[in-house]
Amino acid sequence: MKNLLNKMKRVILVVVLSMALSCFTNAQTAPPIPPFQHVSVETIDYSGIKDMFQVSLYARRWLTIEQFHLIGDTRENWDAEIRQDSCSVMTFKLETHERISGKYHTSLYLVDCKSDTVYQSDGKAMGSSPAQGFQYAAEAALKDFKKDWEKGQEPAKKSKKGKN
């Protein structure tokens with residue numbers, strides 16, 4: 001009887017540990033970013049003041065430098081081909097937050113054609129002015145996005161190398 005209880009305790013312990021490990025590993029893997037061809041950066045509107053800290057402009061410049069295909073934030077100005085295939089566009093939405101402990105905080109949201117948020121990252125940074133601080137925080141969030149996006153692209157790169 002005592003032997004049976006010891007075996008049951010071991011089985012329960014193994015089950016609990018495996019469930020805990022499973023939850024931990026699932027929490028670490030972010031869902032992949034869906035494929036896209038074009039990016040649009042929504043202009044931040046602060047109660048009627050457009051892009052007061054020039055965070056949207058900074059993000060557009062950063063994405064252009066990183067060689068993403070940037071299009072305007074107004075659908076009416078998109079080429080007809082892009083309007084027909086609006087799911088080839090990822091919209092970058094940025095949001096600035098209250099300064100905490102001397103750091104500026106900017107959130108980045110990637111939104112697909114169905115208005116679903118498919119990715120989110122946050123950046124925090126110091127700056128000599130609110131504009132500089134929010135822009136640097138946006139850059140930190142954008143760098144996290146790029147790193148995660150490149151992780152999702154790695155299998156495709158490896159398979160192309162094998163075909164050469």
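Reading the values: rules and limits
- Position labels on residues start from 1 in each chain and follow its written sequence.
- Given that this is a predicted model, residues contribute local features only at a pLDDT of at least 70 and side-chain atom pairs are listed and counted only at 80 or more, while totals for whole chains, interfaces and linings are drawn from all residues.
- The basis for every side-chain value is the complete set of heavy atoms in the structure, and neither hydrogens nor water enter the calculation.
- Take the buried residues of types Ala, Val, Leu, Ile, Met, Phe, Trp, Tyr and Cys, join any two whose side-chain atoms come within 4.5 Å, and each joined set is a nonpolar core.
- Between buried and exposed lies partly exposed: a residue is buried under 20% and exposed over 50% of the maximum accessible area for its type, with that area taken using a 1.4 Å probe on protein chains only.
- For helices the rule is a DSSP run of H or I covering at least 4 residues; for strands it is a run of E covering at least 2, with both sets numbered from the N terminus onward.
- By the convention used here, residues are in contact when the closest approach between their heavy atoms is within 4.5 Å.
- Whenever Lys or Arg places a side-chain nitrogen within 4 Å of a carboxyl oxygen from Asp or Glu, that contact is recorded as a salt bridge.
- Centres within 6.5 Å are what make two rings of Phe, Tyr or Trp a pair, Trp counting through its six-membered ring; a difference in plane orientation under 30 degrees is then read as stacked, over 60 as edge-to-face, and the rest as tilted.
- Whether two strands pair depends on DSSP finding at least two bridges between them.
- Two N or O atoms form a polar contact when they lie within 3.5 Å of each other; inside protein one atom must be a possible hydrogen donor and the other a possible acceptor, and for residues adjacent in sequence the pair counts only when both atoms belong to side chains.

Participant: How should the nonpolar core be read in this particular structure?
Facilitator: For soluble globular proteins, nonpolar side chains are generally found buried alongside one another. L63, F92, L94, L108, L110 and F145 are the most contacted members of the largest nonpolar core, which totals 25 residues. Elements represented by at least two residues in this core include exactly β1 (38–41), α2 (55–65), β5 (89–100), β6 (103–111), β7 (117–125) and α4 (130–163). Top contributing element to this core by residue count: α4, with 5 residues. Discounting chain neighbours no more than four positions away, the residues touching L108 are F92, K93, L94, Y119, Q120, S121, A141, L142 and F145.

Participant: What exactly am I supposed to notice about the pattern of salt bridges here?
Facilitator: Charged atoms that come close allow side chains of opposite charge to pair. Counted under the stated rule, the structure contains 6 salt bridges. One salt bridge in this structure joins D45 and K50, with 3.6 Å as the shortest N-O distance. Exposure remark for D45: the relative accessible area of 41% places this residue in the partly exposed category. K50 gets classed as exposed once you look at its relative accessible area, which sits at 55%. D73 serves as the salt-bridge partner of R60, at 3.5 Å between the closest nitrogen and oxygen. Of the two residues, R60 is situated in helix α2 and D73 in the loop between β4 (70–71) and α3 (80–84); the sequence distance between them amounts to 13 residues. Since its relative accessible area comes to 18%, R60 is described here as buried. On the basis of relative accessibility, which here comes to 37%, the residue D73 falls in the partly exposed class. Sharing partners across several salt bridges, the network here consists of E66, K146 and E150.

Participant: Would you explain the packing of aromatic side chains in this entry?
Facilitator: Think of a pair of aromatic rings as described by two things: how far the centres are apart, and how the planes are tilted against each other in angle. Evaluation of the coordinates by the stated rule reveals 10 aromatic pairs. Here the aromatic rings of F53 and F134 are separated by 4.9 Å at their centres, their planes lie at 50°, and the arrangement is tilted. Residue F53 is found in the loop between β3 (49–50) and α2, and its partner F134 is found in helix α4; the two are separated by 81 residues along the sequence. By the burial criterion, F53 is buried, and F134 matches it. An aromatic cluster is defined as three or more aromatic residues linked by ring pairs; in this entry it consists of F36, F68, F92, Y119, F145 and W149.

Participant: Would you mind showing me how to read the pairing of β7 here?
Facilitator: Taken residue by residue, a regular strand's side chains alternate between the two faces of the sheet. Two elements, β6 and β7, share 8 bridges in a ladder whose sense is antiparallel. Bridging from a neighbouring strand, L110 pairs with Y119 of β7. Between the antiparallel neighbours β6 and β7 lie 5 residues, among them S115 with a positive phi of about 65°.

Participant: Help me understand the side chain of S121, please; the structure alone is not making it clear to me.
Facilitator: Relative to the elements of secondary structure, S121 occurs in strand β7. On the accessibility criterion, S121 (6% relative accessible area) is buried. Polar contacts involving the side chain of S121 include one to the main-chain carbonyl oxygen of A141, which spans 2.9 Å. Not counting chain neighbours up to four residues away, the residues in contact with S121 comprise T106, S107, L108, A141, D144 and F145.

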